[in-house]
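Letter by letter, the chains look like this.
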Amino acid sequence: MSDASAPAVSNFLREIVARDIAEGKHKVPVTRFPPEPNGYLHIGHAKAMCINFGIAQDFGGHCNLRFDDTNPAKEEQEFIDSIQADVRWLGFDWGKNLFFASDYFETLYQWAEHLIRNGNAYVDDQSAEETRINRGTLTEPGKPSPFRERTVEENLDLFRRMRAGEFPNGARVLRAKIDMAAGNINLRDPVLYRIIHTHHPRTGTTWCIYPNYDFAHGQSDALEHITHSLCSLEYEDHKPLYDWLLAHLPVPSHPRQYEFARLNMTYTLLSKRHLTRLVQGKHVRGWDDPRMPTLAGLRRRGVPPAALVDFVKRVGVARANSVVDIAMFDACVRELLNKTASRYMGVLRPLKVVIENYPEGQVEELDAVNNPEDPSAGGRKVPFSRELYVEQDDFMENPPKKFFRLSPGKEVRLRYAYFVTCKEVVKNDQGEVVELRCTYDPASRGGNSPDGRKVQATLHWVSVAHAKTAEVRLYNPMFNRPDPASAEDPLTELNPASLEVIEAKLEPALESAEVGKAVQFERLGYFTRDPDAGLVFNRTVGLRDTYAKA
RNA sequence: UGGGGGAUCGUCUAACGGUAGGACCGCGGACUCUGACUCCGCUAGUCUAGGUUCGAAUCCUAGUCCCCCAGCCA
């Protein structure tokens, strides 16, 4: 077991595995994480990984990484590479157990012939359109194909010629011969093989016929001696076919399929088709745009993998469809980052402050704590001088009752520095506040007044002369509605303000911030330096703000 | 209306015939050199109607609502 101190996670899948082991069905579980390399992994895949790798780890088994690469029309090497990187980033290790469904193409082909020889499959010449019509409807049975009763010899000949490349795409398919009247439509002679004259990222042009999901998945599971094939709910209807194929083929093992509900989150779209549209339509900067729910996007936004794993653990596993509040995700990110992120000061929307009684040209290096949650994180020096920036939100000329921050005549603390009092407000021709004239109390150096007087607020600040200008990218929900997936077209629900780019002033230490490492801008949120050139930061998540809510 | 699933605080999830519990959100309060964090407290739920039982979220019956399936996608 991984961590004896952690509360034991339990769910119906783990109960099934535990029971099977207790009953001696298996010594250890063997699971698999089977992505199709047709896009980037997203947070929904994180759930599947936590389940499959997690169960394998905790019960002493192993989890294979298997690419379900049975449709070369959609798959690319780029995705094979990114998926492996993302699995590792999340913290999972498949060891030597890296597989591809395409590794089994020859075996699968032989098994297809096996089906034909036993009269369990036939080559169908109907067009896709005819096949669809003859499949029947949800309430009416299908009609048998006119080619359903071909002889074994003819089927074998045709299937071999399909393999040999004699026919164009769509000319013929291989279908299992099951039951055209079945209530479960997956059993109405499902297609097993189709002709696709396309380059495959791994097998090149070796093949022009490809098994589809149903013919590849269960058999791949069997070949890898998977004990528990864990998939999402929509495959429930495929299980009878999964079992039928295993029962009619000389497979080395008979895995069992179990289904769980996939992850959904408010304001989040997880359909690969739509994510692909977002990328291709340039609505985002790419698969790793920090607004994307992809692992690459979350990583770039600064979300630590451990927060993702924690989130999946908290969400749990069940068989009921559900939509998790994105607030739960944010909470996981904040909880982890609060413990680990170093604190800095940065001003997002600068308002200049001049300390009138502070000597011109003087600079003091003041002591700041890096992380109050972690003494081992140490401290640093922050330069203070006569001219500073504070946050525009931290000043109000006519403050309401509960406004603790700066206003005319009010004294506040500048963090780690001094108490200052606002004496005068400078405005431009438009009447906008452009500068504050303040005085400071030299006795309050470091942030406390010897006379013990208190202030209601502590403000973050940056010295004008020492400030580093940075581009800061603020991310807001990508969609206007919490359930973008149920919109006619989710892309019409895009939030135009999902990305806000501002020019911020940061304390000098931030200039050497590491790309990808999360930091806290005090009182604002968690930020991570972006890999883009220059000083660029992404907001990972804001701090809770109980004042703004009130 | 065929087949397959599912309904527990606002949200996610426990309970396996025996006190409906936790987390997130929300709301109070304490603390605070981050209106953060932390701590304390509060709010709030078994889809409906019957039945079995000493006792039902759990078992039975009948409903209601929701999701998935008619790709040569996975």
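Residues numbered from 1 in each chain as written. Chains lettered and ligands numbered in written order. Predicted model: local features only at pLDDT ≥ 70, side-chain atom pairs only at ≥ 80, totals over all residues. Heavy atoms only, no water.

Engineer: So, the packing of helix H2 (residues 43-58) against helix H11 (residues 305-315): which residues are in play, and what are the values?
Structural biologist: The angle between the axes and the distance between the axes are what describe a pair of packed helices. Here H2 crosses H11 at 75°, and the two axes come no closer than 10 Å. Taken together, the axis directions place H2 and H11 in an arrangement best described as roughly perpendicular. For the pair formed by H2 and H11, the contact residues are Ile43, Ala46, Lys47 and Cys50 on the first element and Leu308, Val309, Phe311 and Val312 on the second. Considering only residue class, the contact of H2 with H11 consists of 7 nonpolar, no polar and 1 charged. (Axes fitted to C-alpha atoms, helices over the stretch in contact; angles between N-to-C directions. Helix = DSSP H or I, 4+ residues; strand = E, 2+ residues; numbered from the N terminus. Parallel < 35°, antiparallel > 145°, perpendicular 65-115°, else oblique. Contact = heavy atoms within 4.5 Å. Nonpolar A, V, L, I, M, F, W, Y, C, P; charged D, E, K, R; others polar.)

Engineer: Describe in detail the pairing of strand E22 (residues 499-506), supporting the description with residues and values.
Structural biologist: The pairing of strand E11 (residues 346-347) with E22 spans 2 bridges and is classified as antiparallel. Within the sheet, the bridge partner assigned to Gly346 lies in E22 and is Leu506. As paired elements, strand E21 (residues 468-475) and E22 share 8 bridges and run antiparallel to each other. From the neighbouring strand, Glu471 faces E22, where its bridge partner is Glu503. (Pairing = 2+ DSSP bridges.)

Engineer: Any chance you could break down the side chain of Thr294 for me, citing the residues and the numbers?
Structural biologist: One can find Thr294 in the loop between helix H9 (272-280) and helix H10 (295-301). Relative accessible area serves as the criterion here: at 0%, Thr294 is assigned to the buried category. (Buried < 20%, exposed > 50% of the residue type's maximum accessible area, 1.4 Å probe, protein only.)

Engineer: Can you lay out the protein's contact with RNA strand B for me, pointing to particular residues and giving the numbers?
Structural biologist: Taken together, 67 residues lie near RNA strand B, and Glu15, Arg343, Arg405, Gly446 and Lys549 sit nearest. The contact atoms of RNA strand B, taken as those within 4 Å of the protein, divide so that sugar and phosphate hold 64%. One of the side-chain N or O atoms of Glu236 is found 3.3 Å from a sugar or linking oxygen in RNA strand B. Measuring from a base oxygen of RNA strand B, one finds a side-chain N or O atom of Arg343 at 2.4 Å. The element that contributes the greatest number of residues to the surface near RNA strand B is helix H12 (residues 326-340), accounting for 4 residues. (Near = heavy atom within 4 Å. Polar contact = N/O pair within 3.5 Å; in protein donor to acceptor, adjacent residues only side chain to side chain.)

Engineer: For the pattern of salt bridges, give the residues involved together with the corresponding values.
Structural biologist: Applying the stated criterion to the full structure yields 53 salt bridges. Its salt-bridge partner being Asp189, residue Arg148 comes within 2.6 Å of it at the nearest N-O pair. Of the two residues, Arg148 sits in the loop between helix H5 (128-134) and helix H6 (152-164) while Asp189 sits in the loop between strand E5 (173-176) and strand E6 (191-195), which places them 41 residues apart along the sequence. Across the pair, Asp189 and Arg148 agree in class, each one buried. Between Glu364 and Arg445 there is a salt bridge, with the nearest N and O atoms lying 2.4 Å from each other. Of this pair, Glu364 sits in strand E13 (residues 364-369) while Arg445 sits in the loop between strand E18 (433-441) and strand E19 (458-459), and the two are 81 residues apart along the sequence. (Salt bridge = Lys/Arg side-chain N within 4 Å of Asp/Glu carboxyl O.)

Engineer: If you had to explain the packing of aromatic side chains to someone new, which residues and values would you point to?
Structural biologist: As enumerated under the stated definition, the model contains 22 aromatic pairs in all. Note on Phe105 and Tyr210: the rings are 5.6 Å apart at their centroids and 75° apart in plane angle, and the pair reads as edge-to-face. One end of the pair, Phe105, is in helix H4 (residues 105-117); the other, Tyr210, is in strand E7 (residues 209-211), with 105 residues separating them in the sequence. Just as Phe105 is buried, Tyr210 falls in that class too. Each ring, one from Phe521 and one from Phe527, has its centre 4.1 Å from the other, and the planes form 10°; the classification is stacked. Taking relative accessible area as the criterion, Phe521 reaches 0% and is therefore assigned buried. Judged by relative accessible area, Phe527 falls into the buried class, the value being 0%. One aromatic cluster is present, built from ring pairs that chain together Phe105, Tyr109, Phe159, Tyr193, Trp207, Tyr210 and Phe215. One cation-aromatic arrangement involves Arg172 over Phe167; the distance from NZ or CZ to the ring centre is 4.1 Å. Seen from the ring of Trp89, Arg299 lies directly overhead, with NZ or CZ sitting 5.2 Å from the centre. (Phe/Tyr/Trp six-rings, centres within 6.5 Å; stacked < 30°, edge-to-face > 60°. Lys NZ or Arg CZ within 6 Å of the ring centre and 35° of its normal.)

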